[in-house]
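Geometric and topological summary
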Amino acid sequence: MRRPTVAVPTMLRDAWHTLVPRRESPHGPLPPVLVVLTVVAGLVDAFSYLALGHVFVANMTGNVVFIALALAGEPGFSLTASGLSLVAFVVGGIAAGRLGRLTGPHRGRQLLALTGVQSVLLVAAFAAAARLDQPFAGTAGYLLIGVTALGMGMQGGLVQRLRVPDLNTLVMTTTITSMAAGGWLGGGSDGRVGRRLVSVLSLAVGALIGGLIVRYATPALTLLLAALLLAAVAGTAVALARSRRPWTTPRAPGG
């Protein structure tokens, strides 16, 4: 029974180094940046699910299920809304791949380019949501779904290119599974439980804040907060894009 006393400090240390990376970290300042992007995903998905109906714009696993339920005739699920979100997300991922190739392999430059475009998309979504009547339905709702899903698809593509393990930012199924099976309770010795826990909690915090804003304030403010966080990341990336440190070079998957 002594193993947990060793695992807990290791988990806490791993969580701390995710938020405050060591200078020699192979991923430099990217982990805390991706934590912020995970909060953004929670905010935007809270907005989409609560203000746009039963649809996600970041969690495509949920949308696949929603599409199936809509096809089954279950009330409350829109095939058009979920299908549009999925298509826009894929287009965003394709755009991220193309833009990432244009900026080259430097991870700081990729971060700057993609979060810059994503910030513009969410600012546009906020501006539209602030002017449109609630509840957001019909063309207005589809417009917001398309723009936000496009932005989150770009974020998903960015994460794929940055290759920082266990910081997916959008969905947590694999992260939670790895945390359970790879940790000491699952008989494993994986030392990244702390990082995975930070990722899961970041998504939850974003969704919690988004839910509170939608319920007690104006739903559009959720998009404004997400856009401001993205703008902060893009502003930070201006300096990171000039870095020549080793972390700017993409690492092999799992590195």
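Before reading on, note that the structure itself is shown above.
Below: a short report on this structure. (Residues numbered from 1 in each chain as written. Predicted model: local features only at pLDDT ≥ 70, side-chain atom pairs only at ≥ 80, totals over all residues. Heavy atoms only, no water.)

Digging into a nonpolar patch on the surface
Together, W16, L19 and V20 line one region of the surface with nonpolar side chains, adding up to about 300 Å² of accessible area. The exposure class of V20 is partly exposed, given its relative accessible area of 39%. (Patch = residues over 30% accessible without salt bridge, like charges linked within 9 Å, V, L, I, M, F, W, Y side chains within 5 Å. Areas by Shrake-Rupley, 256 points an atom, 1.4 Å probe, with all protein chains shown as cover. Salt bridge = Lys/Arg side-chain N within 4 Å of Asp/Glu carboxyl O. Buried < 20%, exposed > 50% of the residue type's maximum accessible area, 1.4 Å probe, protein only.)

What about the packing of helix α4 (residues 79–103) against helix α6 (residues 138–162)?
Interaxial distance between α4 and α6 falls to 6 Å at its minimum, and their mutual angle equals 40°. Compared by their axis directions, α4 and α6 come out oblique. In this structure, the crossing between α4 and α6 has a hand that is right-handed. Split by residue class, the contact of α4 with α6 holds 14 nonpolar, 9 polar and 2 charged. (Axes fitted to C-alpha atoms, helices over the stretch in contact; angles between N-to-C directions. Helix = DSSP H or I, 4+ residues; strand = E, 2+ residues; numbered from the N terminus. Parallel < 35°, antiparallel > 145°, perpendicular 65-115°, else oblique. Left-handed = near helix turned anticlockwise from the far one by under 90°. Nonpolar A, V, L, I, M, F, W, Y, C, P; charged D, E, K, R; others polar.)

A look at the packing of aromatic side chains
Overall, the coordinates contain 5 aromatic pairs when judged by the stated rule. Here the aromatic rings of Y49 and F56 are separated by 5.3 Å at their centres, their planes lie at 25°, and the arrangement is stacked. Plain terms: the ring middles of Y49 and F66 are 6.2 Å apart, the flat faces sit at 40° to each other, and that makes the pair tilted. Here Y49 is found in helix α2 (residues 30–51), whereas its partner F66 is found in helix α3 (residues 60–71), with 17 residues between them in sequence. For Y49, a relative accessible area of 30% translates into the label partly exposed. (Phe/Tyr/Trp six-rings, centres within 6.5 Å; stacked < 30°, edge-to-face > 60°.)

Focus on the environment of N59
Counting through the fold element by element, N59 comes out in the loop between α2 and α3. Considering only alpha carbons, one finds N59 and A41, 18 residues apart in sequence, at a separation of 8.5 Å. Those residues in contact with N59, other than ones at most four positions away along the chain, are D45 and V171. A polar atom in the side chain of N59 sits 3.3 Å from the backbone nitrogen of G62. (Contact = heavy atoms within 4.5 Å. Polar contact = N/O pair within 3.5 Å; in protein donor to acceptor, adjacent residues only side chain to side chain.)

Observations regarding α4
End to end, α4 covers 36 Å across 25 residues, agreeing with the expected 36 Å (1.5 Å per residue, within 8%). All of the buried residues along α4 are A81, S82, G83, S85, A88, F89, G92, A96, G97 and G100. You can read the cap of α4 off the contacts: a side-chain oxygen lies 3.4 Å from the backbone nitrogen of T80, and it is on S78. Positive backbone phi, at 90°, marks G104, one or two positions downstream of α4. (Expected span 1.5 Å × (residues − 1).)

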